Amino acid sequence: MSAERRRELLQSCAYFARLEPQLLDRIGLMLVQRRFRAGERIFAEGDDEGAAALHIVDSGVVRIFKLSLEGREQVLRLMRPGDTFADVPAFDGGPYPANADALEPATVYILPRRALLALLREHPDIAVGSLQIMAARLRHMTGLVEDLSLRRVMARVARLILENQGNASLSQSQMAAMVGTAREMVNRSLHTLAERGAISLDGPAIVVLDAEALSEIVESG
């Protein structure tokens, strides 16, 4: 990757958006590139205590998920180009709190924890960006807890569709892992939404026909 492209990638992250080009170029030299095949594990929950690194998605989609003892998955978030992940262990020195794998072929840049902490001490603007990202993460997790505990499956599916408009299609199994239910329940919800005219189903593709109707279903819970 060219220095200019690394600079653009860093500027797309809230951590580094306020920094001068010269500093971005310096940070760009610290990044380590890694490429992953679809389905390849990036890291596992519990790994790398004290050495977890900040990850930045350059291309592809990365899935962050938890696994129960029975093997059931709960997808916490999908990370796309410009998104960062593994932020918490990179800051607190703990192990990775969840698993990450590539949902499709992905290129990820890694900033080692030692380099990240040194930059934070030198440049307060990075700390401001860090607070913004952590606040966004907290809002997302609060919304996930609300969905799983208070919203019906169809409302969860409607919200997922709205959040993923224009992005790569998700399989029904992937959607089920994200909304915390069985694939059959997702299938039933999708057909109900299609019957109501909120979406249309074209094979695996979901086309939003009435975003307002989907929003009303989400709000109704």
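These numbers were taken from a predicted model, which means no experiment stands behind them.

Visitor: Where do I start with the sheet that holds strand β3 (residues 54-59) in this structure?
Guide: In any sheet, the strands associate via hydrogen bonds between backbone groups, in a parallel or an antiparallel arrangement. What the 4 strands build is an open sheet, ordered β1-β8-β3-β6; its pairing is antiparallel. Single-partner strands in this sheet number two, and they are β1 (32-36) and β6 (84-85). Pairing of β3 with strand β8 (residues 106-111), which is carried by 5 bridges, proceeds in the antiparallel orientation. Paired with I56 across the strands is Y109, a residue of β8.

Visitor: Help me understand the packing of helix α1 (residues 3-11) against helix α2 (residues 21-28) in this model?
Guide: Packed helix pairs are characterised by how far apart their axes lie and by the angle those axes make with each other. With their axes 9 Å apart at the nearest point, α1 and α2 run at an angle of 105° to one another. Taken as axis vectors, α1 and α2 run roughly perpendicular relative to one another. Across the interface between the two elements, A3, R6, R7, L10 and Q11 of α1 pack against P21, L24, D25, I27 and G28 of α2. Residue composition of the contact of α1 with α2, grouped by class: 5 nonpolar, 2 polar and 3 charged.

Visitor: Would you take a moment to explain the sheet that holds strand β7 (residues 99-102) for this structure?
Guide: Strand order across the open sheet formed by 4 strands is β2-β7-β4-β5, with antiparallel pairing between neighbours. The open sheet has two edge strands with one neighbour each: β2 (41-43) and β5 (73-79). In this sheet, neighbouring strand axes are inclined to one another by 30° on average, regardless of whether the strands run parallel or antiparallel. Relative to β7, β2 is paired through 2 bridges, and the arrangement is antiparallel. Directly across from R41, in β7, lies its bridge partner D101.

Visitor: I'm lost on unusual backbone geometry in this one. Help?
Guide: Leaving glycine out, the prevailing phi sign among residues is negative, and the prevailing peptide bond configuration is trans. Positive phi values are uncommon outside glycine, yet D48 reaches one of about 60°. One can find D48 in the loop between β2 and β3. Look at D48 and you get partly exposed, because its relative accessible area is 43%. One non-glycine residue, A86, adopts positive backbone phi at about 65°. With respect to the helices and strands, the residue A86 is situated in the loop between β6 and α3 (87-92).

Visitor: Please explain helix α7 (residues 172-179) as it appears in this structure.
Guide: Think of an α-helix as turning once every 3.6 residues; residues three or four places apart then point the same way. Buried residues of α7: M175, A176, A177, M178 and V179, and no others. G180, located one to two residues past α7, shows a positive phi value of around 70°.

Visitor: It is not clear to me how the nonpolar core should be interpreted in this structure. Could you clarify?
Guide: Proteins that are soluble and globular tend to have nonpolar side chains buried together. Counting 26 residues, the largest nonpolar core has V157, I161, M175 and L193 as its most contacted members. Sorting the residues of this core by element identifies β5, α6 (153-163), α7, α8 (183-195) and α9 (211-220) as the ones contributing at least two each. When residues in this core are grouped by element, the largest group, 7 residues, is from α6. Listed in part, the 22 residues of the second largest apolar core include L10, L24, I56 and L111.

Visitor: What is the right way to read the side chain of T107 from this model?
Guide: With respect to the helices and strands, T107 occurs in strand β8. For T107, a relative accessible area of 10% gives the class buried. Excluding residues within four positions of it along the chain, T107 makes contact with Q33, R34, R35, I56, V57, D58 and S59.

About the cut-offs
Residues numbered from 1 in each chain as written. Predicted model: local features only at pLDDT ≥ 70, side-chain atom pairs only at ≥ 80, totals over all residues. Heavy atoms only, no water. Pairing = 2+ DSSP bridges. Helix = DSSP H or I, 4+ residues; strand = E, 2+ residues; numbered from the N terminus. Axes fitted to C-alpha atoms, helices over the stretch in contact; angles between N-to-C directions. Parallel < 35°, antiparallel > 145°, perpendicular 65-115°, else oblique. Contact = heavy atoms within 4.5 Å. Nonpolar A, V, L, I, M, F, W, Y, C, P; charged D, E, K, R; others polar. Buried < 20%, exposed > 50% of the residue type's maximum accessible area, 1.4 Å probe, protein only. Core = buried A, V, L, I, M, F, W, Y, C linked by side-chain atoms within 4.5 Å.

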